[in-house]
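Fold and contact review
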Amino acid sequence: MPAMPLRRSTIAAIVAFLAVTVPLGAADSPGCSAGVAGLASAATPGTSVDLELAHGGLVRSYRLHLPAHFDAVAPAPLWLHVHGYTGSARHSDGWTGLSELSDREGFVLVFPQSTSFEASLGPPGQSRNGTITSWNDLACSAPLNPEAPACREGADPYPCPPECGTCGRCNWCSCHDDVAYVAALIDHLAAELCIDTDRVFASGYSNGGMFVHRLGCALDDRLAAVAPMHGYLARGFNCAAGASGPSMLLVGGTADRTVPIDGSFASDGYIYTSQHGVAEEWAESQSCSGEPTAVETRWDGRRALSCVEHPGCAGDRAVRSCSWDGAHVWPRDDAGNFGGELLWDFFSEAER
């Protein structure tokens, strides 16, 4: 399949290449100027590289993968994928299989890296020292509702990130301004690479999915679609985008007890919004007109995969929920990476 970004004509690519003095189109980033070498000189197409960005008094890192047939002057979609709790950008790159999709489909792929600290994790007598990473999904660094706490009495304790100072009973994730970091990262990438700014997508796994949900609310004017996977915001923190927000795809496992799809208590004593609750509020914010109905995908039946979609959303946006019979793992089977394919199929139809 050609690596040229979807919905970009050959004429548009030629104009971008030859007529660099002509003002860029609304969807073309500053990095589309042929005079900007940018990050294309620091990364080899078809490979991934770890890079850094100074922001908020910290040196933040991210992993960049340019597609195998990357064209430095043809606007490409940008896909950010966010790792989960204790995860990393490098691990996500290998685990998700998204780099192979990038090479095939021609989108620029970025794995942002969260901040980290060293701590013991696990119950007394069974704890182990390790690197703790997490994203500020709001629920973990904001006051909790005492009438509906996000965890039950006796829930498993988690290390408190040092930047938080003190953590409440149900708090466990970063207190850094991760939303501002991702916004700055998008600006940085758009200045250094030729990005189609109407086609910027964000997906995330587990705590990364919770954070991506928050990004969809906070950066609703910049993202074309978001996809939380196996991650829903804590009880009491469900949010929705503005009236012209991004499309949303939710993916969850019916056997997931780490972040249950049905909003029941997780195995560690924490409780999150149900997938249905997230979709309902998002659909209302996007003026979707009806009850969710079954929608076909090319992967229906793979590990019992099925999806529903809210019809009639404003501005051709979509709100879709998919479930499969997996636990808290990436959706794949012996036939392939249907989780990654499902995400890209949804993103490839989204545009601001």
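Presented here is a report on the structure given in the accompanying data block. Keep in mind the model is a prediction, meaning the values are calculated, not measured.

1. Description of helix H5 (residues 207–218)
Here H5 is twelve residues long and its end C-alpha atoms lie 16 Å apart, about the 16 Å a rise of 1.5 Å per residue gives. Within H5, eleven of the twelve residues are buried, which leaves the element mostly enclosed by the surrounding structure. Among the residues of H5, those classed as buried are Asn207, Gly208, Gly209, Met210, Phe211, Val212, His213, Arg214, Leu215, Gly216 and Cys217. Turning to H5, the residues buried within the fold contact strand E3 (76–82), helix H4 (178–192), strand E7 (195–205), strand E8 (225–229), strand E9 (247–253) and helix H6 (275–285).

2. Considerations on the layout of surface pockets
Here the largest pocket is characterised by a volume of approximately 540 Å³. As for the largest pocket, its lining consists of 31 residues, of which Tyr85, Tyr158, Ser206, Thr258 and Asp268 are closest to the centre. Top element by residues in the lining of the largest pocket is helix H2 (residues 89–96). It accounts for four residues. In the lining of the largest pocket, the residues fall into 13 nonpolar, 15 polar and three charged.

3. A closer look at the packing of helix H3 (residues 98–105) against helix H7 (residues 338–347)
Between H3 and H7, the shortest axis-to-axis distance is 10 Å and the interhelical angle comes to 45°. In terms of their interaxial angle, H3 and H7 are classed as oblique. When the axes of H3 and H7 are compared, the crossing they make is right-handed. Packed against H3, whose contacting residues are Leu98, Leu101, Arg104 and Glu105, the element H7 presents Gly340, Glu341 and Trp344 at the interface. The residue inventory of the contact of H3 with H7, partitioned by class, reads three nonpolar, one polar and three charged.

4. Some thoughts on the state of the cysteines
Summed over all chains, the structure comprises seven disulfides. Covalently, cysteine 151 is tied to cysteine 170 through a disulfide, its sulfur atoms 2.1 Å apart. Every disulfide takes its handedness from the sign of the S-S torsion; for cysteine 151 and cysteine 170 that torsion is -80°, giving left-handed. Taken together, the residues cysteine 151 in the loop between strand E6 (128–133) and H4 and cysteine 170 in the loop between E6 and H4 connect sequence positions 19 residues apart. Take cysteine 151 and cysteine 170: they sit in the same class, and that class is buried.

5. As for the environment of leucine 78
With respect to the helices and strands, the residue leucine 78 is situated in strand E3. On the accessibility criterion, leucine 78 (0% relative accessible area) is buried. The spacing of leucine 78 and histidine 328 is 250 residues in sequence and 26 Å in space, taken between C-alpha atoms. Leucine 78 has contacts with Val108, Val110, Leu189, Ile195, Arg199, Val200 and Phe201, leaving out every residue within four places of it along the chain.

6. Re the pattern of salt bridges
Per the stated rule, a full pass over the model turns up eleven salt bridges. Between aspartate 345 and arginine 298 there is a salt bridge; the shortest N-O distance is 3.4 Å. With a gap of 47 residues between them, aspartate 345 in helix H7 and arginine 298 in the loop between strand E10 (293–295) and strand E11 (306–310) connect regions that are remote in the sequence. Taking relative accessible area as the criterion, aspartate 345 reaches 25% and is therefore assigned partly exposed. As a salt-bridge pair, aspartate 333 and arginine 302 come within 2.7 Å of each other at their nearest N and O atoms. Here arginine 302 lies in the loop between E10 and E11 and aspartate 333 lies in the loop between strand E12 (319–324) and H7, a separation of 31 residues in the sequence. Classification of arginine 302 by relative accessible area gives partly exposed; the value is 22%. Overlapping salt bridges bring together Asp50, Arg63, Arg90 and Asp93 as one network.

7. With respect to the pairing of E8
Burial of E8 is extensive: five of the five residues sit out of reach of the surface. Alternating positions in E8 separate into two faces, Ala225, Ala227 and Met229 on one and Val226 and Pro228 on the other, with burial throughout. Across five bridges, E7 lies against E8 in parallel orientation. Residue pairing in the sheet places phenylalanine 201 in a bridge with alanine 225 of E8. With H5 bridging E7 and its parallel neighbour E8, the resulting β-α-β unit is right-handed. Pairing analysis gives three bridges linking E8 to E9, with the strands arranged parallel. When the sheet's bridge partners are listed, alanine 225 is paired in E9 with serine 247.

8. Considerations on the sheet that holds E12
Spatial strand order, E1-E2-E4-E3-E7-E8-E9-E12-E11-E10: ten strands in an open sheet with mixed pairing. Both outer strands of the open sheet, strand E1 (48–55) and E10, are each paired with one neighbouring strand and no more. The sheet shows a mean angle of 25° between the axes of neighbouring strands, taken without regard to direction. Summarising the sheet, strand E2 (residues 58–65) and strand E4 (residues 108–112) pair through four bridges and their orientation is antiparallel. Counterpart to leucine 64 in the pairing with E4 is valine 110. In this fold H3 packs onto E1, E2, E3 and E4, with an angle of close to 155° to the strand it touches most, E4.

9. A short note on the pairing of E9
In terms of burial, E9 is largely enclosed, as seven of its seven residues are buried. Here E9 shows two buried faces, one formed by Ser247, Leu249, Val251 and Gly253 and the other by Met248, Leu250 and Gly252.

Calculation criteria
Residues numbered from 1 in each chain as written. Predicted model: local features only at pLDDT ≥ 70, side-chain atom pairs only at ≥ 80, totals over all residues. Heavy atoms only, no water. Helix = DSSP H or I, 4+ residues; strand = E, 2+ residues; numbered from the N terminus. Expected span 1.5 Å × (residues − 1). Buried < 20%, exposed > 50% of the residue type's maximum accessible area, 1.4 Å probe, protein only. Contact = heavy atoms within 4.5 Å. 1 Å grid on protein atoms, 1.4 Å probe; cavity = no way out; pocket = protein on both sides within 12 Å on 5 of 7 lines; lining within 4 Å. Points joined across faces, edges and corners; volume = space filled by probe spheres on them. Nonpolar A, V, L, I, M, F, W, Y, C, P; charged D, E, K, R; others polar. Axes fitted to C-alpha atoms, helices over the stretch in contact; angles between N-to-C directions. Parallel < 35°, antiparallel > 145°, perpendicular 65-115°, else oblique. Left-handed = near helix turned anticlockwise from the far one by under 90°. Disulfide = S-S within 2.5 Å. Salt bridge = Lys/Arg side-chain N within 4 Å of Asp/Glu carboxyl O. Pairing = 2+ DSSP bridges. Right-handed = clockwise from strand over helix to strand, strands pointing away.

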